[in-house]
Amino acid sequence: MSFAVIVVILAVFATGYYSWLHTYWSRKGVPGPRGLPFLGSFYELSDVKNPRELIIRRWAKQFGKVFGFYEGATPVLVVGDPDMLQELFIKKFENFNARKTTNYIHGDLESEKEEPHINVFFSQGRRWKKLRAVTNLALSVKSLKIIHDKMENCITCMVDMFAKYEDGKPFNILEYFQELTYDVICRTGLGAPYSNQWNNKDLELLQTMENVKNGVENPPTDLIEILLEHYTETLKVCDRAERIEILKIITGCCFAFLAAGYDTTANTLAYTCYMLMKHPEKMEKAQKEIDEICTSDSISYDDMSKLKYVDAIIKETLRLFPVGWFACSRQCVTPTTLGKYYIEEGVRIEADVGALHLDKEVWGEDAEEWFDSSSSRNVVSWIPFGAGPRQCVGMRLAYSEAKTTLAHVLKKYTLYEGPETEKELTYQGCTSVSPIKVTAYLKRRD
Ligand code: HEM
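What counts and how
Residues numbered from 1 in each chain as written. Predicted model: local features only at pLDDT ≥ 70, side-chain atom pairs only at ≥ 80, totals over all residues. Heavy atoms only, no water. UniProt positions renumbered as here; feature names shortened; annotations may be inferred. Near = heavy atom within 4 Å. Polar contact = N/O pair within 3.5 Å; in protein donor to acceptor, adjacent residues only side chain to side chain. Helix = DSSP H or I, 4+ residues; strand = E, 2+ residues; numbered from the N terminus. Nonpolar A, V, L, I, M, F, W, Y, C, P; charged D, E, K, R; others polar. Contact = heavy atoms within 4.5 Å. Disulfide = S-S within 2.5 Å. Buried < 20%, exposed > 50% of the residue type's maximum accessible area, 1.4 Å probe, protein only. Core = buried A, V, L, I, M, F, W, Y, C linked by side-chain atoms within 4.5 Å.

- By the naming in an unreviewed UniProt entry, the protein chain is Cytochrome P450, taken from Caenorhabditis tropicalis.
- Quoted verbatim from the Cofactor (unreviewed entry) field of UniProt, the annotation for the protein chain is "heme".

So, in structure tokens, the structure goes:
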């Protein structure tokens, strides 16, 4: 048999096998797009100019609350049904404790001898439990109170820069929030010594790395130091291998904070300001609350915690613009059923956060409106931070940062919509989606 004939036979077999793999969902009676041979919908969902979330929204309209597609040969189930999501995130957490990911890139996600890039976001099983415990500690209320002043300092730096727009010039407020949230993570998380907004090429982390080597003597002032303090006693007595393990855990945490906490919070702030500009009466109500509670120049952690109306508008913004949608996923680690479907190991599940947050059965006929508060009977009908034991560990930091920022901005300025403000937002990004621009105008209040 000639070489060419062997190649043709192999190609036919491979195509047949992959086509059969792509009948996984239809064999279970689940609708959905089959996509391209071999690739499934992988290619379509990786187009930066055509955000993934918009494609999922289109498919949901076509196929309903539960549908399946393929990433290469791997089946992915998209679920917008609250009861099935409750099973996925909470009741059957042990069967679905892994995040949907591509093991080819991230290596062994569970063992203690994993490759170095593993962090709490990607890990699974025992490894995740260990990393999550450390991350919980770093982002506890106690830690947030420790870092509050530094965070507030980054915010006032940003608000000071707004002075150049007091003459009514339009500006892209999203860019400022991106600079801010990056700055906040660098200063409160990674040990950068001062604010470096709009000039952050050289993040001075060397001092922190020295601290990592030596252990810290003074009380901690940022998240790296809080983690180091946690390990101080162990670092004094442990051997080199353990020390390296601890360093890997700390750098993994820092990487996760940076990757997960930067764009998400910046986008949330930009969307909230956009909605406030469209609803000046709600901005006024927020300003009234801020004026009543935040009576001194500085806004303390306790003042921030009392801002109930500001809290409600952020939550409601996250319902309409669920910026962390891409992260709301799981992978099956032990076969089980989900709803009426039997799910094998390795199958990936994504929550259809967009459909869930706009579900008229849950939110009413006017689900697409921006209300003053988000409340629903079902615990998994509002999941901008995910749900269950793997819910976003940075949620409290995100709220505290977003609320303190809004309070400082709105205490000093009124934002308003002008001729260049986007009538409709346009989006970019593939996995995580951001508005391209949010053009704001501001007016000093005093
Ligand atoms: C508005 C801002 C934010 C949103 C909407 C958001 C959303 C999410 C979502 C949806 C998940 C997945 C949850 C799940 O699987 O159930 C997640 C996980 C995570 N987020 Fe956030 N996040 C935000 C801010 C932050 C911040 C500020 C940090 C840290 C500095 C952070 C750190 C993490 C980490 C480490 C995980 C992985 C948790 C785990 O797997 O155990 N996030 N986030």
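## Concerning the site of the ligand
Thinking step 1. What surrounds the ligand is a group of 28 residues, the closest being Arg99, Trp128, Arg132, Arg330 and Cys392.
Thinking step 2. Within the side chain of Arg390, a nitrogen or oxygen atom sits 2.9 Å from an oxygen atom of the ligand.
Thinking step 3. Breaking the shell around the ligand down by element, the ones donating at least two residues are α6 (125-138), α11 (240-261), α12 (263-278) and α18 (395-412).
Thinking step 4. Partitioning the shell around the ligand into residue classes produces 16 nonpolar, eight polar and four charged.

## Observations concerning the UniProt feature "binding site: heme" (unreviewed entry) in the protein chain
Thinking step 1. Taken from the UniProt record, the annotation "binding site: heme" (unreviewed entry) applies to Cys392.
Thinking step 2. Its location among the elements puts Cys392 in the loop between α17 (360-363) and α18.
Thinking step 3. Apart from residues lying up to four places away in sequence, Cys392 is in contact with Arg132 and Phe385.

## Some thoughts on the state of the cysteines
Thinking step 1. What the rule picks out here adds up to zero disulfides.
Thinking step 2. We note that Cys157 lacks a disulfide partner, and the nearest cysteine sulfur, in Cys154, lies 6.6 Å from it.
Thinking step 3. Here Cys238 is not cross-linked by a disulfide; its sulfur's nearest cysteine counterpart is in Cys253, at 16 Å.
Thinking step 4. By relative accessible area, Cys238 is classed as buried at 14%.

## Topic: the nonpolar core
Thinking step 1. By size, the foremost hydrophobic cluster in this structure holds 83 residues, and its most contacted members are Phe162, Ile173, Phe177 and Leu415.
Thinking step 2. In terms of residues, this core owes the most to one element, α12, which gives nine residues.
Thinking step 3. Discounting residues that sit within four places of it in the chain, Ile173 has contacts with Phe162, Cys273, Leu415, Val438 and Ala440.
Thinking step 4. In this structure, Val79, Met84, Cys332 and Ile383 belong to the second largest nonpolar core, which totals 35 residues.

## Observations regarding the side chain of Glu87
Thinking step 1. Of note, Glu87 is situated in helix α4 (residues 82-91).
Thinking step 2. Judged by relative accessible area, which is 14%, Glu87 ranks as buried.
Thinking step 3. There is a polar contact of 2.9 Å between the side chain of Glu87 and the backbone nitrogen of Gly339.
Thinking step 4. Not counting residues up to four positions away in its chain, the partners in contact with Glu87 are Lys92, Phe93, Thr337, Leu338 and Gly339.

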